[in-house]
Every structure is written in C-alpha cells, then in structure tokens.
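What follows is the residue order along each chain.
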Amino acid sequence: MKNTDIFSITHKASRRSFLQSAGTMALGASFLPWLAESSQAENLLQDNKPLGIALVGLGYYSAHQLAPALQQTKFCKLTGIVTGTPSKATEWEKKYTIPKKNIYDYKTIDRIADNKDIDIVYIVLPNSMHAEYTIRALQAGKHVICEKPMAVSVKECQQMIDAAKKANRQLSIGYRLHYTPHHQEVMKYGREKTFGKVKIVETSDGFKIGDPNQWRLKKALAGGGAMMDIGIYALQGSRYTVGEEPVSVWAQEFKTDSVKFKEVDETILWQLKFPGGAVANSSCSYAAGLERLFATCEDGWFEMGPCYGYGAIKGRTSKGDMNLPQLNHQAAQMDDFAQCILTNKPTRTPGEEGLKDMRVIEAIYRSIETGKVVPLS
Ligand code: NAD
C-alpha cells in the first residue's frame, strides 16, 4: 500500500474489510484499540451528526492546515468561524458553506453558547490570547482544542484546566504529533524499553523566521520566542521518548540579531536530567533549520527526522527503518478528539500535558536568567 492514509481508508471501506486488508496488518497492534474506539464512535455517529468545530482565528494554521484537514475528518466537521476580519468571514462563508448564523467575531463569540451546530471550539490565536478565549469557550459550554503553546505561563494553564473542570468539558492541546504512528512508536520504545533503557536523547527544532514585524517576535503576543513556538516540540520529544518528567534543567540563550530578536529568544540550548538517569540535550532556533529526535539506549538506538513538520515523518532504528504509515496529522488529531467526546474518553493530550511543558519552559527561562541549574520538583 503506498502513501497510506488511514482516514481515507476508513472512510471508503467498511471496518471489516479494513481489518482484513493487508495494509492493516502493517499498521501494527497499537492501532487495534483505536479501531475499537473508532467503531464505538461510529455507532454513536449513526444517530448523531459529526461534531461541529468552530475555528477561532483564521490565520495561516487555520486556513492552510486545519480547514483542509477538516475536509478529511469523519467524526467532526467545520461548522463555524470566529474572525475579526469581515472579508475573511465572507470568503470562508462561501468556500466552506458556513451558515451566517455560525459566524462570530471576538465580541460576539460568547453567543456561541446558544449554537447547537458547534460542539468544539478550536483556539488558533497568538499565544497570549489562548487562555482568555479557551476559558470563554469553556464557559459557553463547548469542548475546546487550544493550539500550542497552551498559554504563556503555568498560572494561565492552571486557570484553563480549572475552567474545563468547572464547565465539565474536555480541553485538548493541539499536539498533533501525538496522533502520528511514528511519534506513538517512539513513545512505545521508551515505555517498553524496546532497545533497553534510554540513556541520552538529542532533540532539536528550528527554522529561519521571516517578517520582522510578526506577532511571533512580540513578547506581549507570543510570550517568548523560538522556545515557546517550536522548542516545545523538542522538549516534548525528549519527555515522551524517556517517558518520565525531568527533575532539573540548565539552559543557555544565544542571539546573533539583537534587533530582530529584541523582545524574544532567537536560539536556546538546554539540558534536562530525568529521574531514571537519562539526560536530554536539546536546542531550538528561529535562525537555523533543525529537525531531529535521536535516542541512544542500552541495546541500540532510534531516531526520527524530519519529524516535527506537517509532512512525511522518517524514522530509523538500530534494527532498520521504521516502516509506518503517514497520515494527515491534524485530521487524525481532530477526529481523535471528536471520538473522545462521543465515547466519553479522555483526550491523550489534555491541558495537564500543556502545563507540564510550560512548567519546563518557565524553568528554562529562569535558568537563562540566573545561569544556574533549575530544579523541577
Ligand atoms: P497567524 O498569524 O497566521 O494567525 C493568527 C490569527 O490570529 C490571524 O487570523 C489574526 O488575524 C488573529 N489575531 C487576532 N488578534 C490578533 C492580534 N492581536 N495580533 C495578531 N493576530 C491576531 O498565526 P498562526 O501561524 O496561524 O498561529 C496561530 C496559533 O497556532 C499559534 O498559537 C501557533 O503556535 C499555533 N500553530 C500551531 C501549529 C501546529 O503545528 N500545531 C502550526 C502553526 C501555528
């Protein structure tokens, strides 16, 4: 089977023929629980329509990744938008056949509470706006997906988690990589010690950022620079490769352009120590391309790269290539969340996961400020 897309397969074929197909055998045992849940959610869908999603903020990620992915999902669909730009409202209304009554702006968003077409609100705004709009959507009685980084402080993350509990709604963070077979496999290697105990992990994520006037370079909107935006992938990668929470961090910041990066970090290098003895050496940058996860273990090694972008993920181990299917990350992520809601199961990337990353990110900034190792107890 070439260019396997699990979602297009499940859409076209019945579950039985899907299970019998040779391709399914290649997907591996880790997909079987997913299929069981998928079937349970499918039964629930026979009576109910796919869950409705409203995207909040129609910038690059919504327009070029999430909306196209929502054309491939089975358990949820695009039913609403929230935008402050009237021309975008008109464009999206036509392009995605969105009823006028499902179009909101930042002042009217709370009225979403009365809209039965919308079950999930997806926050795709600049980072410092995540907490406010997540909490408003939860208070409107909707389930929420919030983009990464979850917020710009641990305090905000906790407020968001509390708001979800109070509203009795699910909050999921847009950690799309958790829904890909490659990253799931790496989590499994760490958990099951497939190559023995993980000893040293190296992770890095970076790209050359363009427009010097964008919100990503403004502290008030972004909360931080490369670390908040993409370093979070390298940090997560090390956490789920080892399968433990770090006990201390030491970090250094490097700047080559103090004008462009006046307000936020350009390049950060950091080291994490884990309770079982593993260590991680990681980096992120807005000035250079980086995309790698490597782990050396007692009895072998595994690595991925490219591994954080939207495209195909490549992985290898000391035993050979990782031969796993590629799928649309965002469609997998949103369909999984819709199934969690339909079957009343917790999301695998809850607010608590976002808070864990933010806790380490705050410690990284503290380490840079003080020049010291910061404990994470
Ligand atoms: P973007 O700049 O393309 O879009 C931001 C949107 O927010 C725009 O529609 C803009 O009009 C709106 N907005 C509302 N108030 C604003 C304000 N005060 N200043 C600036 N914009 C304002 O950004 P993006 O790349 O779509 O990123 C949005 C969020 O999605 C970020 O949190 C980012 O980290 C996240 N993201 C995640 C991924 C991923 O792979 N999971 C990829 C890209 C972006």
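Definitions and cut-offs
Residues numbered from 1 in each chain as written. Predicted model: local features only at pLDDT ≥ 70, side-chain atom pairs only at ≥ 80, totals over all residues. Heavy atoms only, no water. Helix = DSSP H or I, 4+ residues; strand = E, 2+ residues; numbered from the N terminus. Buried < 20%, exposed > 50% of the residue type's maximum accessible area, 1.4 Å probe, protein only. Contact = heavy atoms within 4.5 Å. Areas by Shrake-Rupley, 256 points an atom, 1.4 Å probe, with all protein chains shown as cover. Pairing = 2+ DSSP bridges. Axes fitted to C-alpha atoms, helices over the stretch in contact; angles between N-to-C directions. Polar contact = N/O pair within 3.5 Å; in protein donor to acceptor, adjacent residues only side chain to side chain. pLDDT = per-residue confidence, 0-100. Near = heavy atom within 4 Å. Phe/Tyr/Trp six-rings, centres within 6.5 Å; stacked < 30°, edge-to-face > 60°. Expected span 1.5 Å × (residues − 1). Arc of directions from axis to C-beta. Right-handed = clockwise from strand over helix to strand, strands pointing away. Left-handed = near helix turned anticlockwise from the far one by under 90°. Nonpolar A, V, L, I, M, F, W, Y, C, P; charged D, E, K, R; others polar.

Asker: If you had to explain the overall build of the chain to someone new, which residues and values would you point to?
Answerer: What the chain contains, in helices and strands, is 13 helices and 15 strands. Counting only residues that meet the buried cut, the chain has 55% of its 377 residues in that class. Across the chain, contacts joining residues at least 24 apart in sequence account for 68% of those joining residues at least 6 apart. Of the roughly 16900 Å² that the chain leaves accessible, carbon and sulfur atoms contribute 52%.

Asker: Before we move on, could you go through the sheet that holds strand E9 (residues 267-273) and cite the residues and values that matter?
Answerer: Strand order in the open sheet made by the 9 strands is E14-E13-E12-E11-E7-E10-E9-E8-E15, with mixed pairing throughout. A single partner strand is all that each edge strand has here, and the edge strands are strand E14 (320-321) and strand E15 (374-375). Along the sheet, helix H13 (residues 351-370) makes contact with strand E8 (248-254), E9 and E15, crossing E8 at roughly 60°.

Asker: Just give me the short version of the side chain of lysine 148, but keep the residues and values in it.
Answerer: Among the secondary structure elements, lysine 148 is positioned in the loop between strand E5 (143-146) and helix H8 (154-167). A distance of 2.8 Å separates a polar atom in the side chain of lysine 148 from the backbone oxygen of aspartate 229. Beyond its immediate stretch of four places on either side in the chain, lysine 148 contacts Asn127, His130, Ile173, Gly174, Tyr175, Asp229, Ile232 and Tyr233.

Asker: Quick rundown of the confidence of the model for the chain? Include the residues and the values.
Answerer: Residues with a pLDDT of 70 or more make up 89% of the chain, whose mean pLDDT is 91. With pLDDT under 50 throughout, residues 1-32 is counted as low confidence; its partners more than four residues away or in other chains account for 39 contacts.

Asker: Pulling in residues and values, what's your account of the site of the ligand?
Answerer: Close to the ligand lie 24 residues, the nearest being Tyr60, Asn127, Lys148, Arg176 and Trp215. The backbone of tyrosine 61 places a nitrogen or oxygen atom 2.9 Å from an oxygen atom of the ligand. Residue asparagine 127 places a side-chain N or O atom 2.8 Å away from an oxygen atom belonging to the ligand. Protein coverage of the free-state accessible area of the ligand, which is 830 Å², stands at 79%. Elements with a minimum of two residues in the shell around the ligand: helix H5 (60-69) and helix H11 (226-242).

Asker: Give me the packing of aromatic side chains: which residues, what numbers.
Answerer: As enumerated under the stated definition, the model contains 10 aromatic pairs in all. Here the aromatic rings of phenylalanine 207 and tyrosine 286 are separated by 5.5 Å at their centres, their planes lie at 80°, and the arrangement is edge-to-face. Placement of phenylalanine 207 in strand E7 (residues 198-208) and of tyrosine 286 in the loop between strand E10 (279-285) and strand E11 (287-297) is noted, with a sequence separation of 79 residues between them. A residue is classified by how much of its surface remains accessible, and tyrosine 286, at 2% relative accessible area, is buried. Members of the aromatic cluster, each reached through a chain of ring pairs, are Tyr189, Phe195 and Phe302.

Asker: Explain H8 to me, and be specific about the residues and the numbers.
Answerer: With 14 residues, H8 should cover 20 Å at 1.5 Å per step; its first-to-last C-alpha distance of 20 Å lies within 8% of that length. For H8, the set of buried residues is Glu156, Cys157, Met160, Ile161, Ala163 and Ala164. Here the buried residues of H8 occupy an arc of 160° about the axis, which is enough to place them on one side. In this structure, H8 carries Lys155, Lys165 and Lys166 as exposed residues pointing more than 90 degrees from its buried face. Residues of H8 that are buried sit in contact with helix H7 (130-139), E5, strand E6 (171-173) and H13.

Asker: Describe the sheet that holds E6, listing the residues and the values that go with them.
Answerer: On the basis of which strands lie adjacent, the open sheet formed by 6 strands has the order E3-E2-E1-E4-E5-E6 and parallel pairing. Every interior strand has two partners, whereas the edge strands, strand E3 (103-104) and E6, have only one. Strand direction decides the pairing type here: strand E1 (residues 51-56) and strand E2 (residues 76-82), joined by 6 bridges, are parallel. Residue pairing in the sheet places valine 56 in a bridge with valine 82 of E2. Set on the sheet, H5 makes contact with E1, E2 and strand E4 (120-123); between it and E1 the angle comes to about 165°.

Asker: Residue-level account of the pairing of E2, with values.
Answerer: Most of E2 is tucked away, with 6 of its 7 residues classed as buried. For the crossover from E1 across H5 to E2, the handedness is right-handed. The pairing of E2 with E3 spans 2 bridges and is classified as parallel. Note on E3: the bridge partner recorded for isoleucine 81 is isoleucine 103. Once the chain exits E2 it traverses helix H6 (residues 86-95) before rejoining the sheet at E3, and the crossover so formed is right-handed.

Asker: Now, about the environment of isoleucine 118: what can you tell me, with residues and values included?
Answerer: On the secondary structure map, isoleucine 118 appears in the loop between E3 and E4. As for isoleucine 118 and leucine 78, which are separated by 40 residues in sequence, their C-alpha atoms are 8.7 Å apart. Not counting the four nearest positions on each side in its chain, isoleucine 118 is found in contact with Gly52, Ala54, Thr79, Gly80, Asn102, Tyr104, Ile112 and Lys142.

Asker: Account for the packing of H5 against helix H12 (residues 329-343), with residues named and values stated.
Answerer: Remark: H5 packs on H12, axes separated minimally by 8 Å, with the N-to-C direction vectors making an angle of 60°. For the element pair H5 and H12, the recorded crossing hand is right-handed. Judged by residue contacts, Tyr61, Gln65, Leu66 and Ala69 of H5 engage Gln330, Ala331 and Met334 from H12. A class-by-class count of the residues in the contact of H5 with H12 yields 5 nonpolar, 2 polar and no charged.

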